[in-house]
Amino acid sequence: MPSTPLYRLVYSSIYRAGRVDNELSALRAILSQSRKNNQTSDVTGYLMFDGDSFVQVLEGPRENVEATMARIAKDERHRDVSVIAIHPTESRAFHNWTMGGYRRSAEQDPIFAAHGFPGKIDRSQLSFDTAVSLARALCADQAKQAS
Ligand SMILES: Cc1cc2nc3c(=O)[nH]c(=O)nc-3n(C[C@H](O)[C@H](O)[C@H](O)COP(=O)(O)O)c2cc1C
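Residues numbered from 1 in each chain as written. Predicted model: local features only at pLDDT ≥ 70, side-chain atom pairs only at ≥ 80, totals over all residues. Heavy atoms only, no water.

### A short note on unusual backbone geometry
Quick reminder of the rule: Only DSSP runs of H or I with at least four residues qualify as helices, and only runs of E with at least two residues qualify as strands; both kinds are numbered from the N terminus onward. Using a 1.4 Å probe on the protein chains alone, a residue whose accessible area is under 20% of its type maximum counts as buried, one over 50% counts as exposed, and one in between counts as partly exposed.
Of note in the backbone geometry, Asp42 takes a positive phi value of approximately 60° without being a glycine. The residue Asp42 is located in the loop between α1 (23–41) and β2 (44–49) in this model. The partly exposed category is assigned to Asp42, whose relative accessible area is 41%. Even without being glycine, Asp80 reaches a positive phi, approximately 50°.

### Observations concerning the environment of Tyr15
Turning to its location among the elements, Tyr15 is positioned in strand β1 (residues 6–15). For the pair Tyr15 and Asp50, spaced 35 residues apart in the sequence, the C-alpha separation amounts to 9.3 Å.

### Quick word on the site of the ligand
Our working rule: A single heavy atom is enough: if one lies within 4 Å of a molecule or strand, its residue is considered near that molecule or strand. The term polar contact refers here to a pair of N or O atoms within 3.5 Å; inside protein, the definition further demands a hydrogen-donor-capable atom paired with an acceptor-capable atom, and it admits residues adjacent in sequence only when both atoms are side-chain atoms. Each accessible area is a Shrake-Rupley estimate made with a 1.4 Å probe; only the visible protein chains count as cover when residues are assessed. All amino acids are sorted into three groups, where Ala, Val, Leu, Ile, Met, Phe, Trp, Tyr, Cys and Pro are nonpolar, Asp, Glu, Lys and Arg are charged, and the leftover types, Gly among them, are polar.
If you check the shell around the ligand, you find 17 residues, and the closest are Ser34, Asn37, Asn38, Arg71 and Asp75. At 3.2 Å from a nitrogen atom of the ligand is found a side-chain nitrogen or oxygen belonging to Ser34. A distance of 3.1 Å separates an oxygen atom of the ligand from a polar atom in the side chain of Asn37. Surface burial for the ligand is 81%, taken as the share of its 620 Å² of free accessible area covered by protein chains. For the shell around the ligand, the elements supplying multiple residues, two or more each, are α1, β3 (53–61) and α2 (62–73). Among the elements that take part in the shell around the ligand, α1 stands out by supplying five residues, more than any other. Grouping the amino acids of the shell around the ligand by side-chain chemistry returns seven nonpolar, seven polar and three charged.

Right under this line is the structure:
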């Protein structure tokens, strides 16, 4: 039986500070909520956060990715949500992650710099391919640090 076609979506947004949470606990809460929901909806991906911008890659069956994106877009923890693109894909890039991700720290600066962002992420310069490549590189780096 043919499996459901896979899609990959990339968006970016701006973090909106909460009244109670600091940014690290906000990110932790987002990731744990995402992992729980994405497991159920067969969505995988990677969330990057540099203290100002979020950039997220979502992959899975199109309907599930779009339903997840629709929920995310309404979230008050960020603003200016801008979908860059959604494209079909042969396979998942983040199959190990119901939602991987982390807060940028100085150690990842070379990886961001190699993708054109020596400083903060400039959302106007962020393409779909750059976002996916950056997420793959950060994910690989994270796996290396953990091993
Ligand atoms: C930057 C950001 C990324 C998010 N990523 C996801 C995600 O990948 N999957 C998900 O289900 N919710 C994600 N959320 C949370 C959703 O916006 C929403 O709060 C959540 O899906 C609602 O889940 P609930 O109905 O279980 O409370 C994200 C929120 C933010 C601010």
